Amino acid sequence: MESNFTIGIIGGYGKMGTFFKNFFEKKGYPVVLSGRNKGLEKIELVKQSKVILISVPIKVFPEIVKEISSYIEDHHWVIDICSLKAEPVKVMKDFIKKGEVLATHPLFGPYEKDLKGKIIAIWRIKGDNLYKWFKSIMEEEKLNIIEISPEKHDQIMGLVQVLNHFWLILLAKIINDSGLDLKDIVSLTTTSFFKQLDVLRRLSYQDARLYARIQLDNPYGKKFRDLLCKNCLEFNKALNLPEEEREKKFEEYFTLAKNIASELEKLIQTY
Ligand SMILES: NC(=O)c1ccc[n+]([C@@H]2O[C@H](COP(=O)([O-])OP(=O)(O)OC[C@H]3O[C@@H](n4cnc5c(N)ncnc54)[C@H](OP(=O)(O)O)[C@@H]3O)[C@@H](O)[C@H]2O)c1
């Protein structure tokens, strides 16, 4: 595959921008960068590049697309990596009239060392060549590529990201409010809880602004937060019933969880 064309990254000095700079340079592509106060000016970057990867916060994404859109020509390939997809895809469809366009969401952070088995969601907006090139380059790294509509993606992210972050943050708050010493908790943890603590540990690398946008901008986020709170109240209420009733209720909840767990057992093994 041709690998001598230039890849320009807008937001190229940020976390994911730096990740993709290293990624593409390792594959032999020349990479140019644009930051707010360093590197190339955005329009100059567009003129010098074939691929334009936009790696900026979701909030400023529309204004960046609008700013560069009239400089995108037929030979250009434009890629976004926003963590939400419906709005960014709409903006790209509305404003980018030439070239090829691909929406993506890498479901991993910038500090991953091994990409094997990691997932990247994609949605083809315009053109075959960019789509084929991007797929082949990601497959070389043994990434799993999932093609999914922007709406369905955001809906699933309501659970996978919004709800997951929501209860991770709550877990940290509960640990904080418990009055227990974190060192004591870590020293006396089960295998299962250790896995949860390990997931919580990874928040230390993350950026509050990005997490705020993921939490607050996903149109399905409120639905999942409300569902969690409603279920917490109902489950807790059930466990405050008289002994016989609460044991029965607990078993009902546990059987449901066990059924989901058995389905997961099959799904995760075959994945
Ligand atoms: N971090 C993750 O785990 C992750 C995972 C998947 C997808 N994403 C997506 O990746 C994108 C970038 O996230 P990130 O974590 O890499 O963010 P980041 O570290 O904050 O980097 C953002 C970059 O955008 C630039 N930028 C900010 N405002 C700008 C503006 N008004 N005009 C031009 N450039 C501007 C910044 O420039 P300066 O260098 O001048 O500050 C910076 O280089 C987001 O859309 C996010 O949803 C992130």
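As shown above, the structure is provided for reference.
As the structure is a prediction and not an experimental result, all values here were calculated from the model.

Student: Can you tell me about the state of the cysteines, naming the residues and giving the values?
Tutor: In this structure the tally under the stated criterion is zero disulfides. Not engaged in a disulfide, the cysteine cysteine 229 finds its nearest cysteine sulfur in cysteine 232; these two sulfurs lie 6.3 Å apart. Residue cysteine 229 is classed as partly exposed on the basis of its relative accessible area, which comes to 38%. Residue class for cysteine 232 comes out partly exposed when judged on its relative accessible area of 45%.

Student: Explain the packing of aromatic side chains to me, using residue names and the numbers behind them.
Tutor: Counting across every chain of the model gives 18 aromatic pairs. Each ring, one from tryptophan 77 and one from tryptophan 133, has its centre 5.6 Å from the other, and the planes form 45 degrees; the classification is tilted. Of this pair, tryptophan 77 sits in strand 4 (residues 77-80) while tryptophan 133 sits in helix 5 (residues 129-140); the two residues are 56 residues apart in sequence, bridging distant segments of the chain. As far as burial versus exposure is concerned, tryptophan 77 and tryptophan 133 are alike and both buried. Three or more aromatic residues link up through ring pairs in this structure, and these residues are Phe5, Phe19, Phe20, Phe23, Phe24, Tyr29, Trp77, Phe108, Trp133 and Phe134. A cation sits over an aromatic face here: lysine 50 above tryptophan 77, 4.4 Å from the ring centre. Taking the ring centre of tyrosine 131 as reference, the NZ or CZ of arginine 124 above it sits at 3.7 Å.

Criteria and cut-off values
Residues numbered from 1 in each chain as written. Predicted model: local features only at pLDDT ≥ 70, side-chain atom pairs only at ≥ 80, totals over all residues. Heavy atoms only, no water. Disulfide = S-S within 2.5 Å. Buried < 20%, exposed > 50% of the residue type's maximum accessible area, 1.4 Å probe, protein only. Phe/Tyr/Trp six-rings, centres within 6.5 Å; stacked < 30°, edge-to-face > 60°. Helix = DSSP H or I, 4+ residues; strand = E, 2+ residues; numbered from the N terminus. Lys NZ or Arg CZ within 6 Å of the ring centre and 35° of its normal.

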